Each structure stands twice: as C-alpha cells, then as structure tokens.
Amino acid sequence: MNTTIQKLDELLAKVRAQLIEKKGLKEDPKQPEPTDELQQHPDTDYLIKVFNHLKDLGYINTQYEFSEQFLNKNKYYYGMILSERRHPSIDALHSLIKSISELNDTPDNPFKI
C-alpha cells in the first residue's frame, strides 16, 4: 500500500474514532466490502471504503455529494470511477485527503495540507 493511502487510512480511522466518541456510538458499523471485480484497483477500493465511512457518519448521503464535496469533481465522477473501473485522479485523491484533514479537528494533525 503506498504511503498516501496509508496516511489517508490512518487519518480516516482517527476522524472516525473521534466522531464515534462524540456521537456516543457503541458499535462500529460493519462496512460492505468492495466487490471482487474492483479489488484489482486499490485506489478504487479505498474510495469505496472512504465513501462508506463518510456515509455512515452522516457527512454524505449520495455518490453525488461525495463526488462534489470530497473529491472536488462533478457529481457523476465517483459513479464513473466505479462503473468504468478507473483509477481516481491524483487531483481527486488530493482533494479527498484535504477534505478529510479538515474534518479532523485536532490542532496537531500531521496530515494538514
């Protein structure tokens, strides 16, 4: 796994833990696993994981919102990535890291961009 994905995974876990604690959730909801067809693309699998986490936490409700608010792309972008089995652009991954970093309200966040 490349270091950008590792950093994003660590940050997402940290934000998720903080929000679960703040909301008083007792159990971490199970996340649907990416489909076997997409497992050949780690970046796409990761987008699925992040999308599911953000949806569970109530930040987004639709793929459209995820595309626009977290990937900084048009509303069809995430759906296109999934349906065409494409890799997300570097720009989209950068926007995702930046957006998730902004969710993390700790002042010493090492992932701030």
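Residues numbered from 1 in each chain as written. Predicted model: local features only at pLDDT ≥ 70, side-chain atom pairs only at ≥ 80, totals over all residues. Heavy atoms only, no water.

1. Overview of the environment of Asn 72
At step 1: Checked against the element boundaries, Asn 72 lands in the loop between α3 (63-70) and α4 (77-84).
At step 2: Considered as a pair, Asn 72 and Asp 91 are 19 residues apart in the sequence and their alpha carbons are 8.4 Å apart.
At step 3: When sequence neighbours within four positions are dropped, the list of residues in contact with Asn 72 reads Ser 67 and Ser 95. (Helix = DSSP H or I, 4+ residues; strand = E, 2+ residues; numbered from the N terminus. Contact = heavy atoms within 4.5 Å.)

2. What about the packing of aromatic side chains?
At step 1: This structure, assessed with the given rule, holds five aromatic pairs.
At step 2: Where Phe 51 meets Phe 66, the ring centres are 5.5 Å apart and the plane angle is 70°; that geometry is what we call edge-to-face. Linking Phe 51 in helix α2 (residues 42-56) with Phe 66 in helix α3, this pair joins segments that are 15 residues apart in sequence.
At step 3: Here Phe 66 falls in the buried class, since its relative accessible area comes to 0%.
At step 4: The interplanar angle of 80° and the centroid separation of 4.9 Å between the aromatic rings of Phe 66 and Tyr 78 together place this pair among those described as edge-to-face. Within this pair, whereas Phe 66 is found in helix α3, its partner Tyr 78 is found in helix α4, the two being separated by 12 residues in sequence. Here Phe 66 and Tyr 78 have matching classes, each one buried.
At step 5: An aromatic cluster is present here, built from Phe 51, Phe 66, Phe 70 and Tyr 78 joined pairwise through their rings.
At step 6: When the ring centre of Tyr 77 is taken as reference, the NZ or CZ atom of Lys 73 above it lies at 5.5 Å.
At step 7: The ring of Tyr 64 carries Lys 75 above its face, with NZ or CZ at 5.0 Å from the centroid. (Phe/Tyr/Trp six-rings, centres within 6.5 Å; stacked < 30°, edge-to-face > 60°. Buried < 20%, exposed > 50% of the residue type's maximum accessible area, 1.4 Å probe, protein only. Lys NZ or Arg CZ within 6 Å of the ring centre and 35° of its normal.)

3. Looking at the confidence of the model for the protein
At step 1: Averaged over the protein, the pLDDT score is 76; the fraction of residues at 70 or greater is 65%.
At step 2: In the model of the protein, helix α1 (residues 3-23) stands out as the element of lowest mean pLDDT, 69, in contrast to α3, which has the highest, 96.
At step 3: Predicted confidence is poor over residues 109-113, with pLDDT under 50, and the contacts of this stretch with residues over four places away or in other chains come to 13 contacts. (pLDDT = per-residue confidence, 0-100.)

4. Description of the pattern of salt bridges
At step 1: In this structure the tally under the stated criterion is two salt bridges.
At step 2: Note that Lys 73 is salt-bridged to Asp 91, the shortest N-O span being 3.3 Å. Linking Lys 73 in the loop between α3 and α4 with Asp 91 in helix α5 (residues 90-103), this pair joins segments that are 18 residues apart in sequence.
At step 3: The class of Asp 91 is partly exposed, set by a relative accessible area of 41%.
At step 4: Residue Glu 84 is joined to Arg 86 by a salt bridge in which the shortest nitrogen-to-oxygen separation is 2.7 Å.
At step 5: Given a relative accessible area of 43%, Glu 84 falls into the partly exposed group. (Salt bridge = Lys/Arg side-chain N within 4 Å of Asp/Glu carboxyl O.)

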